[in-house]
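# Notes for the structure review
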Amino acid sequence: MLSRVKSLLGSVPLYVGLQKAVGAHRVRYLALERLDLKDGDVILDVGCGPAYYFDRLPNVKYYGFDTSERYIDHARKQFGARGEFRCEIFTEEHLPDLPPVDKVILMGLLHHLTDEQCRHLLDLSARALAPTGEVMSIDPTFEPKQNPIAKWMSANDRGEHVRHPEGFVALAKESFGDIEGEIVNDITRVPTTTWLMRMRKPLVTAGN
């Protein structure tokens, strides 16, 4: 039954509907607020999905990447006049095509990736950034005192690499010199535990 529900999330209406039903969209909106986006910012959104939060962005230069053709087709139809959406894996080959990035957004992505894949993506994100840029990630996590329902939600997420906060931080430290994080567990309708992580001061640059 659970695997059937997960498979249905490939449908854009069902995915967005479930996000809003459980209140997961509130965490994404909070992450965008934390970033304090401004007109003219260059945004790289890796794992953008259908980008249903796009209307909350100011007038930015936006690049969205996702591997789901359904999600990207939806995003292009809805927001293609104001952003660039690519149905591709974000790789090193894309770096020369991007201007220096002010904000990298990783919305619910890292917990789908192995440690090695995370290292690679965070390294690419650091190299894409402008010197004063930053990366924001959000992912389900575990913590000792979390609600039992929230623990179940994290354990049964579609992502197979849900980590404790320390695990996410350890990976981020390999590419960034300034890392802040917070646990959010009180804004969704269904109990969830989410790790918001802000990464600054890249240890690598586009030329390295």
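Anything mentioned here points back to the structure above.
Summary of the structure given here. (Residues numbered from 1 in each chain as written. Predicted model: local features only at pLDDT ≥ 70, side-chain atom pairs only at ≥ 80, totals over all residues. Heavy atoms only, no water.)

Within the chain one finds 7 helices and 7 strands. Reading the chain from its N terminus to its C terminus gives the helix and strand order α-α-α-β-β-α-β-β-α-β-α-α-β-β. Taking 208 residues into account, the globule formula puts the C-alpha radius of gyration at 17 Å, and the chain, at 16 Å, falls close to it. Overall, the chain is about 45 × 40 × 30 Å in size when its C-alpha atoms are taken along their principal axes. (Helix = DSSP H or I, 4+ residues; strand = E, 2+ residues; numbered from the N terminus. Rg over C-alpha atoms; globule rule 2.2 N^0.38 Å.)

What follows is about the environment of tyrosine 52. Locating tyrosine 52 in the fold gives a position in the loop between strand S1 (42–46) and strand S2 (61–65). Among the residues examined, tyrosine 52 registers a relative accessible area of 13% and is labelled buried. In this structure, the C-alpha to C-alpha distance between tyrosine 52 and leucine 124, residues 72 residues apart in sequence, is 24 Å. For tyrosine 52, the side chain forms a polar contact with the side chain of glutamine 19, separated by 2.8 Å. (Buried < 20%, exposed > 50% of the residue type's maximum accessible area, 1.4 Å probe, protein only. Polar contact = N/O pair within 3.5 Å; in protein donor to acceptor, adjacent residues only side chain to side chain.)

Here helix H3 (residues 24–35) is 12 residues long and its end C-alpha atoms lie 18 Å apart, about the 16 Å a rise of 1.5 Å per residue gives. The buried fraction of H3 is high, at 9 of 12 residues. Turning to H3, its buried residues are Ala24, His25, Val27, Arg28, Tyr29, Leu30, Ala31, Leu32 and Leu35. One or two residues past the end of H3 sits aspartate 36, with phi positive at roughly 50°. (Expected span 1.5 Å × (residues − 1).)

Next up on the list: helix H7 (residues 165–172). Among the residues making up H7, those that are buried are Pro165, Phe168, Val169, Leu171 and Ala172. Take H7 and look down its axis: the buried residues cluster within an arc of 160°, on one side only. Tucked into the core, H7 has its buried residues touching helix H5 (115–128), strand S5 (129–140), strand S6 (176–184) and strand S7 (194–202). (Arc of directions from axis to C-beta. Contact = heavy atoms within 4.5 Å.)

Positive phi is not limited to glycine here, since alanine 51 has a value of about 55°. For alanine 51, the location among the structural elements is in the loop between S1 and S2. We note that lysine 201 has phi near 55°; this positive angle belongs to a residue other than glycine. Relative to the helices and strands, lysine 201 is located in strand S7.

Turning our eyes to something else, we now look at empty space enclosed by the protein. Under the counting rule described, the total for this entry stands at 1 cavity of 30 Å³ or more. Estimates place the volume of the largest cavity at around 40 Å³. Tallied by class, the residues present in the lining of the largest cavity amount to 7 nonpolar, 2 polar and 1 charged. (1 Å grid on protein atoms, 1.4 Å probe; cavity = no way out; pocket = protein on both sides within 12 Å on 5 of 7 lines; lining within 4 Å. Points joined across faces, edges and corners; volume = space filled by probe spheres on them. Nonpolar A, V, L, I, M, F, W, Y, C, P; charged D, E, K, R; others polar.)

With 31 residues, the main nonpolar core has Leu44, Phe90, Leu106 and Leu110 as its most contacted residues. Top contributing element to this core by residue count: H5, with 6 residues. Leave out the neighbours within four places in its chain, and leucine 44 touches Tyr63, Phe65, Phe90, Leu98, Val101, Lys103, Val104, Ile105 and Ala128. (Core = buried A, V, L, I, M, F, W, Y, C linked by side-chain atoms within 4.5 Å.)

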